[in-house]
Amino acid sequence: MKIAFVGKGGSGKTTLSSLFVRHLAARGVPVTAVDADINQHLGVALGLTEEEAAACPPLGGRLPLIKDYLRGENPRILSSETMIKTTPPGAGSRLLRLSEENPVFDACATEVPLDKGAARLLVTGPFTADDLGVACYHSKTGAVELCLNHLVDGRDEYLVVDMTAGSDSFASGLFTRFDMTFLVAEPTRKGVSVYRQYREYARDYGVALRVVGNKARDPEDVAFLREEIGDDLLVTFGHSDWVRAMERGQRRPFAALDADDARALGAMHRAADAGYPLRDWERYTQQMVHFHLKNAASWGNDRTGADLAAQVDPGFVLREAPSPLPA
Ligand SMILES: Nc1ncnc2c1ncn2[C@@H]1O[C@H](COP(=O)(O)OP(=O)(O)O)[C@@H](O)[C@H]1O
Ligand SMILES: [Mg+2]
């Protein structure tokens, strides 16, 4: 199951994604956390020291390796140089499974021990001044999009991505790659307006979107969110003493999380799980082709000097791998 946390900066994406990752790990659910936010804080929120977090190998720095591996023997992709972030898999491509060892995870993943269970962490790497200019952030989140387009994930395994909700997300297909998108909104007009904008894009592409309210101070805050957001509002987190203690560098066991917050995480887990039967691999594949053709025409063909539309394998549908038969 692929889950995104989006929202405006400071709304609590990193905090809530890290709590959701801890919740899953504590239940024994295999979980891969991906930090794709401009401000790379997920590692620290999961308990790494600043030094450990800074030592995580960035996906953005391993793009040639990732492309070469995923390209495999796909005859439609002539070289890793002509593989762009939206290049879809086809016959001969290598697919990624969360439960296996592969060169991508070997090169980029960091195992993060949690007080209950553990998580695998992937990071895009910090955004430099160059990324923020002409090239936008896409070169960094491009590695995530490529991996998602080659990922065949199953029912009880989770990939949780902490990402921004800037309008840049919509230029690429990244925002359509998730079984559930949790939009974190503070009870403010700004928080609600980010939700409204996201909802427009989400609706056009059939993206499952639920709002997670955060930093509600009183019942009036909750009522405001309920009034503005309606049924899309799934749960609301208040001010968390557990989070504040973490911020002061005081580690508390996850079991000491406020009961209301633990319940809210359970509701998010159930909402995400309920998306499983709704997954549609054909639509998922069609959408990646749609965004690939768009990106090829708008910059990819020029940038690579190749006709990238020819990379599309018309007969290919990404599918969840059947569980291996018992021996
Ligand atoms: N529910 C909460 N209770 C207390 N503090 C919170 C809560 N959610 C977020 N924060 C604090 O708000 C700040 C911004 O949160 P963060 O998760 O980094 O936001 P984002 O990733 O969206 O930029 C951090 O200092 C974080 O500890
Ligand atoms: Mg963040």
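Because the structure is a prediction, the values reported are computed rather than measured. Position numbers for residues start from 1 in each chain and track the written sequence from start to end. Think of it this way: whatever chain is written first is A, whatever ligand is written first is 1, and the rest follow in order. Since the coordinates come from a predicted model, pLDDT governs what is reported: local features require at least 70, and pairs of side-chain atoms require 80 or more to be given and counted, while whole-chain, interface and lining totals use all residues.

### Thoughts on the overall build of the protein chain
Assigned secondary structure in the protein chain consists of 12 helices and eight strands. At 19 Å, the protein chain has a C-alpha radius of gyration in line with the 20 Å of a compact globule built from 327 residues. In this scheme the burial state of a residue depends on its C-beta neighbours within 10 Å: 20 or more other such atoms mean buried, 12 or fewer mean exposed, and anything in between means partly exposed; the C-beta positions come from the backbone. Of all 327 residues assigned to the protein chain, the portion counted as buried reaches 42%. In the protein chain, once contacts between residues fewer than 6 apart in sequence are set aside, the share between residues at least 24 apart is 73%. Each helix is a run of H or I in the DSSP string that is no shorter than four residues. Each strand is a run of E no shorter than two, and both are numbered from the N terminus. Radius of gyration means the value over C-alpha atoms here, while the globule rule gives 2.2 Å times the residue count to the 0.38 power. By definition, residues are in contact whenever their C-beta atoms, placed on the basis of the backbone, come within 7 Å of each other.

### Observations regarding the pairing of strand S5 (residues 158-163)
Counting buried positions along S5 yields six of six residues, so the element is predominantly enclosed. Here S5 shows no split at all, with Tyr 158, Val 160 and Asp 162 on one side and Leu 159, Val 161 and Met 163 on the other all buried. For two strands to pair, DSSP has to find at least two bridges joining them. Pairing geometry for strand S1 (residues 2-7) and S5, over four bridges, is parallel. Residue pairing in the sheet places Phe 5 in a bridge with Asp 162 of S5. Examined bridge by bridge, strand S2 (residues 31-36) and S5 share six bridges and lie parallel to one another. Bridging across to S5, Val 31 finds its partner in Tyr 158.

### Regarding the packing of helix H1 (residues 13-26) against helix H11 (residues 259-273)
For helices, the fitted line uses only the C-alpha atoms of the stretch in contact; every axis is such a line through C-alpha atoms, and the angle between N-to-C directions lies from 0 to 180 degrees. Interhelical geometry of H1 versus H11 gives an angle of 80° and a closest axis separation of 10 Å. Comparing the axis directions of H1 and H11 gives the class roughly perpendicular. Together, Leu 19, Phe 20, His 23 and Leu 24 of H1 and Leu 265, Met 268 and His 269 of H11 make up the contact between the two elements. Each residue is assigned to one of three groups, with Ala, Val, Leu, Ile, Met, Phe, Trp, Tyr, Cys and Pro labelled nonpolar, Asp, Glu, Lys and Arg labelled charged, and all others, Gly among them, labelled polar. By residue class, the composition of the contact of H1 with H11 is five nonpolar, two polar and no charged. We call two directions roughly parallel when the angle between them is under 35 degrees, roughly antiparallel when it is over 145, roughly perpendicular when it lies between 65 and 115, and oblique otherwise.

### Quick look at unusual backbone geometry
Here Lys 215, not a glycine, exhibits a phi torsion of approximately 60°, which is positive. Overall, the presence of 21 C-beta atoms within 10 Å leaves Lys 215 in the buried class.

### Here's the deal with the site of ligand 1
Around ligand 1 sit 18 residues, and of these Gly 12, Lys 13, Thr 14, Thr 15 and Ser 240 come closest. Those elements giving two or more residues to the shell around ligand 1 turn out to be H1, strand S7 (209-216) and helix H10 (241-247). Partitioned by chemical class, the residues of the shell around ligand 1 number two nonpolar, 11 polar and five charged. By definition, a residue lies near a molecule or strand provided its backbone-derived C-beta atom is within 6 Å of it.

### Looking at helix H12 (residues 281-304)
The length a helix should cover is 1.5 Å for every residue beyond the first. In this model, H12 (24 residues) spans only 29 Å end to end at C-alpha, well below the 34 Å of a helix rising 1.5 Å per residue. The term bend refers to the angle at a residue between two fitted axes, each drawn through seven residues, those ending there and those starting there. Taken as a whole, H12 carries its principal kink of about 65° at Ala 296. Those residues of H12 that sit buried are Thr 285, Met 288, Phe 291, His 292, Asn 295, Ala 296 and Gly 300. With its phi angle positive at about 70°, Gly 305 sits one or two positions after the end of H12.

### Brief notes about the nonpolar core
Counting residues in hydrophobic clusters, the biggest one holds 65 residues, and the most contacted among them are Ile 3, Leu 121, Val 160, Val 161 and Leu 183. When residues in this core are grouped by element, the largest group, six residues, is from H1. Each residue touching Val 161, except ones within four places of it in the same chain, is listed here: Ile 3, Ala 4, Phe 5, Val 34, Ala 36 and Val 144. Any nonpolar core is a set of buried residues, restricted to Ala, Val, Leu, Ile, Met, Phe, Trp, Tyr and Cys, that join up through C-beta atoms within 7 Å. Counting residues in each nonpolar core, the second largest holds five residues, with Ile 77, Met 83, Ile 84 and Ala 296 among its members.

### So, the sheet that holds strand S8 (residues 233-238)
Here we have eight strands laid out as an open sheet, ordered S3-S4-S2-S5-S1-S6-S7-S8, and mixed in their pairing. Where the open sheet ends on each side, the last strands, each with one partner, are strand S3 (110-113) and S8. Averaged over all pairs of adjacent strands, the angle between strand axes in this sheet comes to 25°, irrespective of strand direction. The strands touched by H1 are S1, S2, strand S4 (118-123), S5, strand S6 (180-185), S7 and S8; relative to S5, the strand with the most contacts, the crossing angle is about 170°. Along the sheet, helix H8 (residues 189-204) makes contact with S1, S6 and S7, crossing S6 at roughly 160°.

### Details of the UniProt feature "domain: CobQ/CobB/MinD/ParA nucleotide binding" (unreviewed entry) in the protein chain
UniProt tags residues 7-52 as "domain: CobQ/CobB/MinD/ParA nucleotide binding" (unreviewed entry). This span, residues 7-52, is 46% helix and 15% strand, and a straight line between its end C-alpha atoms measures 26 Å. UniProt positions are given in the numbering used here, feature names are shortened, and annotations may be inferred rather than shown by experiment.

### Re the pairing of S2
Here S2 lies mainly inside the structure; six of its six residues are buried. Alternating positions in S2 separate into two faces, Val 31, Ala 33 and Asp 35 on one and Thr 32, Val 34 and Ala 36 on the other, with burial throughout. Both S2 and S4 contribute to a ladder of four bridges, which runs parallel. Bridged to Asp 35 within S4 is Val 123.

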